[in-house]
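Notes for the structure review
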Amino acid sequence: MKTAEVSTPSDQKVLIKRSFDAPVNLVWQAYTDPDLMRRWQTAMPGRSMPVCEMTTDVCGKYRWRWRDDANGVEFGFTGEMLEIAPNAKIVHTQEYDPGTMGGSMGDGPSIITVTFDEVEGITNVATSIKFASKEDRDAAVSTGMTDGMEMSYKQLDSVLATITKERD
């Protein structure tokens, strides 16, 4: 699989595109089932995801929290689901929860739009992140955010392959 393609289509946005060798319903499930999400969102060595709570209905809330298992430092994100179109689109707010890690990712919530499109068994996922300002966008990108996303996507490749084998 290709690595994620990252662009900045505007001063406030980051766009990440990635393809997965799996049907859209399976990729959708990996994005919306907390147990599956935990399996691929912990790709960083030494990190766990002790909190992965979400309701994927419009107005549903989510709370995700990661922990550095060596030192116990935690951070996370919270938000609300704004739009859900099964197997096609998720739109939600996202606010950084600094936990014990500290730091900031800007003043206002970001708006995350994730679209899913299957073509001949390959699911193309596009994640658009709209930050409150250019400064917020640049600060988030400077954290290595997109590198971390690609690590998670590689882990998702493995999770999807395992699930596909289990179903065959």
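The coordinates are above.
A brief look at the structure comes next. (Residues numbered from 1 in each chain as written. Predicted model: local features only at pLDDT ≥ 70, side-chain atom pairs only at ≥ 80, totals over all residues. Heavy atoms only, no water.)

**Let's talk about the packing of aromatic side chains**
Rule in force here: Two rings belonging to Phe, Tyr or Trp (six-membered ring only in the last case) form a pair when the distance between their centres is within 6.5 Å. Interplanar angles under 30 degrees mark stacking, angles over 60 mark edge-to-face geometry, and anything in between is tilted. Think of it in three bands: residues with accessible area under 20% of the maximum for their type are buried, residues over 50% are exposed, and the middle band is partly exposed, with areas taken using a 1.4 Å probe on protein chains only.
Scanning the model with the defined rule gives 11 aromatic pairs in all. When the centroid spacing of 5.5 Å and the interplanar angle of 20° are considered together, the rings of W66 and F75 count as stacked. Comparing W66 with F75, the two get one shared label, buried. A network of ring pairs unites the aromatic residues F20, W28, Y31, W40, F116 and Y153 as a single cluster.

**Focus: the environment of V114**
Our working rule: Numbering goes from the N terminus for both helices and strands, where a helix is a DSSP run of H or I of at least four residues and a strand is a run of E of at least two. In this description, contact between two residues means that some pair of their heavy atoms is separated by no more than 4.5 Å.
Relative to the assigned elements, V114 resides in strand β7 (residues 110-119). Put simply, V114 and V6 are 108 residues apart on the chain and 14 Å apart in space, counted from C-alpha to C-alpha. For V114, the residues in contact, after removing those within four places along its chain, are Y31, A88, K89, I90, V125, A126 and T127.

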